[in-house]
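Residue-level listing of the chains:
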Amino acid sequence: MRRRPGIGGLQTAAAARDQYRLLGENVAKIRADLMKEQLTTFRSQLEDFARKHKNDIRKNPTFRSQFHDMCAKVGVDPLASNKGFWAELLGIGDFYYELGVQIVEICLATRPHNGGLINLQELCDLLGQRRKSFREAVSEDDCLRAISKLKVLGNGFEVISVGKKKLVRSVPTELNKDHNEILDLAQAEGFVTVEEVERQLSWSSGRAIDALETLLEEGLAMIDDRHRDGKRRYWFPCVSSISSDNLKV
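Right, let's walk through the structure included here. Not measured: the values here are computed from a predicted model. (Residues numbered from 1 in each chain as written. Predicted model: local features only at pLDDT ≥ 70, side-chain atom pairs only at ≥ 80, totals over all residues. Heavy atoms only, no water.)

Right, let's get into the overall build of the chain. Per the secondary structure count, the chain includes 10 helices and six strands. A fraction of 58% describes how many contacts in the chain between residues 6 or more apart in sequence connect residues 24 or more apart. Carbon together with sulfur atoms contributes 50% to the accessible area of the chain, which is approximately 15400 Å² in total. (Helix = DSSP H or I, 4+ residues; strand = E, 2+ residues; numbered from the N terminus. Contact = heavy atoms within 4.5 Å. Areas by Shrake-Rupley, 256 points an atom, 1.4 Å probe, with all protein chains shown as cover.)

Dropping the structure here:
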């Protein structure tokens, strides 16, 4: 017959568990302190790096993107405020604030043309044209970071993916799955017809017309009824080769 542990044995086991628990807490604290120390050291090195390479960070988009990645790994956000150490050292906050203002202006200027949905690459090109007199080159990564700061303006101003393209939305229009599929389909030629949507997406005529008319009402599409085949074309400036190069922004 197996003997049950006595009171002394239970007390010994309880004491052992307490010791293991305390040991585990001490190890966790040591690790946490070590990580904090390493992060503090890394942040200090990051500040030294920023001081040494501030001109490259300001002027070189690739270098600037890599610097942001380094900051993210240690929980530093140079864009969190336009005041403080990073702003004073690099002027990064002012740089992205300025980009944000220019992006808003371009989106407003092109809205009659694209309904508030613009290809990210086209936005970057227009931004580059506007900033020809500036010393700092602007990359797609810079545009994305500036746009992320525009979310404080409320609905709108966000980046959405449609197929292989990234589009910048500057209006509070909600695009559902049907709308995204049509935009993806339109990337091939810049336009679609009701018949093409029915055939390619295996939709009913009613579903295709409803989605297309909604996009038309939102200003994201333009219609062309002048073709010999009599089929209405729904053009989408945000994904077509029709560029807004001639627009004054």
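After that view, the rundown keeps rolling.
In this section: the sheet that holds strand 1 (residues 117–119). In spatial order, the strands read 1-3-2; together these three strands make up an open sheet with antiparallel pairing. The sheet is open, and its two borders are formed by strand 1 and strand 2 (158–162), each paired with just one other strand. Each strand axis lies, on average, 35 degrees off the axis of its neighbour in the sheet, ignoring direction. The sheet contacts of helix 6 (residues 120–130) involve strand 1 and strand 3 (165–169), and relative to strand 1 the element is tilted by about 80 degrees. (Pairing = 2+ DSSP bridges. Axes fitted to C-alpha atoms, helices over the stretch in contact; angles between N-to-C directions.)

In total, this model carries one aromatic pair according to the counting rule given. Seen from their ring centres, Phe-191 and Trp-235 are 4.8 Å apart, and the 50 degrees between their planes marks the pair as tilted. A residue pair is termed long-range when its members are at least 10 positions apart, and Phe-191 in strand 4 (residues 191–192) and Trp-235 in strand 6 (residues 233–235) qualify at 44 residues. We note that Phe-191, like Trp-235, is buried. (Phe/Tyr/Trp six-rings, centres within 6.5 Å; stacked < 30°, edge-to-face > 60°. Buried < 20%, exposed > 50% of the residue type's maximum accessible area, 1.4 Å probe, protein only.)

Moving on, we get to the environment of Asp-178. Structurally, Asp-178 is set in helix 8 (residues 177–186). A relative accessible area of 17% means that Asp-178 is categorised as buried. With residues up to four places along the chain from it excluded, the contact list for Asp-178 reads Trp-203, Arg-207 and Ala-211. For Asp-178, the side chain forms a polar contact with the side chain of Arg-207, separated by 2.7 Å. (Polar contact = N/O pair within 3.5 Å; in protein donor to acceptor, adjacent residues only side chain to side chain.)

Time to look at the side chain of Ser-139. With respect to the helices and strands, the residue Ser-139 is situated in the loop between helix 6 and helix 7 (140–149). Dropping the residues within four chain positions of it, Ser-139 is found in contact with Pro-61 and Cys-124.

Among the nonpolar cores identified, the biggest contains 23 residues, and Ile-182, Val-192 and Phe-236 are the most heavily contacted of them. For this core, the elements supplying multiple residues, two or more each, are strand 2, helix 8, helix 9 (194–201) and helix 10 (205–217). Dropping the residues within four chain positions of it, Val-192 is found in contact with Ile-182, Leu-185, Ala-186, Val-197, Leu-212, Arg-232, Arg-233, Tyr-234 and Phe-236. The next biggest cluster of nonpolar side chains, apart from the first, holds 19 residues, and it includes Val-104, Leu-127, Leu-150 and Val-168. (Core = buried A, V, L, I, M, F, W, Y, C linked by side-chain atoms within 4.5 Å.)

The next point concerns the sheet that holds strand 6. Hydrogen bonds along the backbone pair up the strands of a sheet, which may run parallel or antiparallel. Strand order in the open sheet formed by three strands is 4-6-5, and the pairing between neighbours is antiparallel. The open sheet has two edge strands with one neighbour each: strand 4 and strand 5 (222–224). Where strand 5 lies against strand 6, three bridges are found, and the strand directions are antiparallel. Along strand 6, the bridge assignment pairs Met-222 with Trp-235.

With that out of the way, let us pick up the packing of helix 8 against helix 10. Between helix 8 and helix 10, whose axes approach to 10 Å, the crossing angle comes to 85 degrees. Of the possible angle classes, the one that applies to helix 8 and helix 10 is roughly perpendicular. In this structure, helix 8 contributes Asp-178, His-179 and Ile-182 to the contact, and helix 10 contributes Arg-207, Ala-211, Leu-212, Thr-214 and Leu-215. When the residues that make up the contact of helix 8 with helix 10 are grouped by side-chain class, the tally is four nonpolar, two polar and two charged. (Parallel < 35°, antiparallel > 145°, perpendicular 65-115°, else oblique. Nonpolar A, V, L, I, M, F, W, Y, C, P; charged D, E, K, R; others polar.)

With that out of the way, let us pick up the pattern of salt bridges. Counted according to the given criterion, the structure contains 10 salt bridges. Two residues, Arg-130 and Glu-105, come together in a salt bridge whose shortest N-O distance is 2.3 Å. Placement of Arg-130 in helix 6 and of Glu-105 in helix 5 (residues 92–114) is noted, with a sequence separation of 25 residues between them. The partner of Glu-181 in a salt bridge is Lys-177, and the shortest N-O contact between them spans 2.4 Å. Here Glu-181 and its partner Lys-177 are both found in helix 8, four residues apart, which amounts to about one turn of the helix. Judged by its relative accessible area of 22%, Glu-181 falls in the partly exposed class. One connected set of salt bridges, linked through shared partners, spans Glu-213, Asp-225 and Arg-232. (Salt bridge = Lys/Arg side-chain N within 4 Å of Asp/Glu carboxyl O.)

Honestly, that's just the spatial picture; any functional story needs more than this.
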